[in-house]
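# Observations on the three-dimensional arrangement
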Amino acid sequence: MIRMKGLWLSMLAISAVITGINLNNIQVSAKAKGLSNTQVNAILTKSKLYRPSKIKPNQETTFDVFLKPKNESQYFQEALDVNTPGNSQFKHYLTPTEIGNKFGQSNSVITGWTSFLKKHGLKTTVSKNKRVIFVSGKAGSIGKLFKTNLNSAKYHHNLFQFGKVGPKFPKNLSKSLLAFGGMADHNRDNVIPNADLQLAKISPIVHQVGGYTTRFTRTYHLSSLLEKGFNGKGNTVGIISFEGIHKSNAFHFWKHEHASISPARYTVKNVQGNFFNPKMISNDSGEATMDVEYAGSVAPQANVRMYRQKSEMPTFLNTVNLFNMAYDENKVSSLSSSWGLQSNKTNALMQKKGMLPKQYLDILSLTFAQGDLQGISTFVGSGDTGAGSYYVKRITKNHAFLGYSQHSNDIITTNPWLTSCGGTTLPYSYKGAMLKKSEFGNIGNISNKNERAWGSNFIKVLQSKPELLKKDPIIRLKLTVGGGGGFSEIYATPSYQKGVPGVNTFNARKLLTKYNYPILNAPLISGTGQGRNFPDISANADALTPYIVYQKEKGQNPWSLEAGTSIVGPQMAGAIADLNSGRSTRMGFLNAQIYQLATTQNSPFNPLNSTTDNNNMYYTGQPGTVYNQASGLGTVNFEKLFEEYK
């Protein structure tokens, strides 16, 4: 939920944004210099908290009514069927209205809800899927209806209860309710860890020019398709965002990259939701700027449409509303999000505390599967903290006590109805002089010969110079960096992954202890896992092989170097818009087909399966397979994908 301007330590994953890594600010802050190991331990295990602003009775706010779908199992099955070659429903995508008529509630139920809510002074908007009713009104009116105060409301076993007692609702409405969303958004216990510490920064690559659009398009064989005129024309790439941009920055970048600068090319749709804190608004975000610029340069003739909620803090309600709006409009053929919703363990704690409805995971899957039913390709970054993430173990007063686990992963980046994008490192060679003076002194020459899974480069440095860790303990804050990947313990292994060589087995090297001390010369271990394996595909995301972003700000060089798996998603969405422009139908949900293609002789994927110098700080390659949890199916050859994809 907290965007990065610089690198948010290793605690990046407890924030919900899976952002890029800004290399502009190259100095370690004065606060960080000279930290002891004890102080570093404290940073890794304890965090202050953000709390929502209180809401007054006459203030406007919102909540959602989530209705039960008709035949939920068929709903999910059809989301796979329309994207699976050989199925009789293949490519028979549905419109939002068709989805509503087939799987949504009846018009009489919808009218019953809207009429009832209107009688209580509330305004409603019904989604075309007939599964979500967006409600707005004064906090006092909502509290009166539900017999609660929104500043203390929490979820109970009774779906309608948010205070000491539950209200009386008509029985015909009660039968159709799946859950309410957003009712506890103003509760002071609905906290978010504040990982905004910025104590450690990535070392700068002073003479590294970085890559513009061609770093992606040439590396992954998209350039030849662009040369043939498959440039996204006639398609729209969607960007999910909680922050805004100055569109002049995007148009400057697009002009530099010879992409369309038609004034009508970029549009914004503001989406209804709740403010976590009305003062926390960003209209000139580096993350959102990066997403828009690269989506629109990889697909140089496609339109770009941002779906924005103006609250910087993603909440469950706001996230669902953004995706619902994007799918409800059905204007985009591909969609990307660089924001998540914290780890499964953190959300489980918040649900136990009554801050989330117990059906929140089901609601997310119902939301994302709608995009699949419509043939929209949706991409999310897998995270930037390697295998696992920090999570909230418990909350005491104004602090969260943190843990780290390979089984702690964001609930959006691991969802099986989305395509999860991991990170890689491209070949590089840097001499100590090129790195200038890092905060750790001259670390010598570093290099990488082949594209590999993205994991912290400091492990390699410490192999030859372990004394650096004693000199500067803050180096430990740089070690949990890499492409997210592993096993989700909250989602089952999806059918499209079952039987694929490498899925539910793994190779790994335990490179870090509980408190981020490096384990040098770690042995290779093997084992089995279960659940949704992620990521699905990968591309360059390392700060040592970065991208260039244009964001003009007073007194600063507008060109900055950026990285992170969140720059992979927008480029994948742009690439699919290019491929769609050369096809008669949308490519749709990739996962239902790419796992099949990966096992064929002419696979469009390059698995990164070395077991040495190829890991995301834990998982590594599995020789002889087509999948590993460090980089998924590997990198994409888009020319082959265009030829082989049905």
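Scope of this entry: the structure provided in the associated data block. What you are looking at is a predicted structure, and each value in this text was computed from that prediction instead of being measured. (Residues numbered from 1 in each chain as written. Predicted model: local features only at pLDDT ≥ 70, side-chain atom pairs only at ≥ 80, totals over all residues. Heavy atoms only, no water.)

To continue, consider unusual backbone geometry. The omega torsion across Phe-534 and Pro-535 is 5°, close enough to zero to call that bond cis. Structurally, the position occupied by Pro-535 is in the loop between strand 21 (532–534) and strand 22 (537–540). With a phi angle near 55°, Asn-521 is a residue other than glycine that sits in the positive phi range. Tracing the backbone shows Asn-521 in the loop between strand 19 (505–508) and strand 20 (525–528). Residue Met-617 is not a glycine yet carries a positive backbone phi of 80°. (Helix = DSSP H or I, 4+ residues; strand = E, 2+ residues; numbered from the N terminus.)

This part is about the packing of aromatic side chains. By the definition in use, this model includes 40 aromatic pairs. These aromatic residues form a ring-pair network of at least three members: Phe-63, Trp-113, Phe-116, Phe-146, Tyr-155, Phe-160, Phe-162, Phe-169 and Phe-180. Positioned above the aromatic ring of Tyr-391, the side-chain terminus of Lys-345 is 5.6 Å from the ring centre. A cation over an aromatic ring shows up here: Arg-476 above the ring of Tyr-517, its NZ or CZ 4.0 Å from the ring centre. (Phe/Tyr/Trp six-rings, centres within 6.5 Å; stacked < 30°, edge-to-face > 60°. Lys NZ or Arg CZ within 6 Å of the ring centre and 35° of its normal.)

Our focus in this paragraph is the sheet that holds strand 2 (residues 60–67). The strand order 3-4-2-5 describes an open sheet built from 4 strands, whose pairing is antiparallel. What marks the edges here is a single partner per strand, and that holds for strand 3 (123–126) and strand 5 (177–181). Pairs of neighbouring strands in the sheet enclose a mean axial angle of 20°, with direction left out of account. Pairing analysis gives 4 bridges linking strand 2 to strand 5, with the strands arranged antiparallel. Each bridged residue has a counterpart across the sheet, and for Asp-64 the counterpart in strand 5 is Gly-181. Most of the contacts of helix 4 (residues 107–119) go to strand 2, to which it runs at about 155°, and overall it touches strand 2, strand 3, strand 4 (132–138) and strand 5. (Pairing = 2+ DSSP bridges. Axes fitted to C-alpha atoms, helices over the stretch in contact; angles between N-to-C directions. Contact = heavy atoms within 4.5 Å.)

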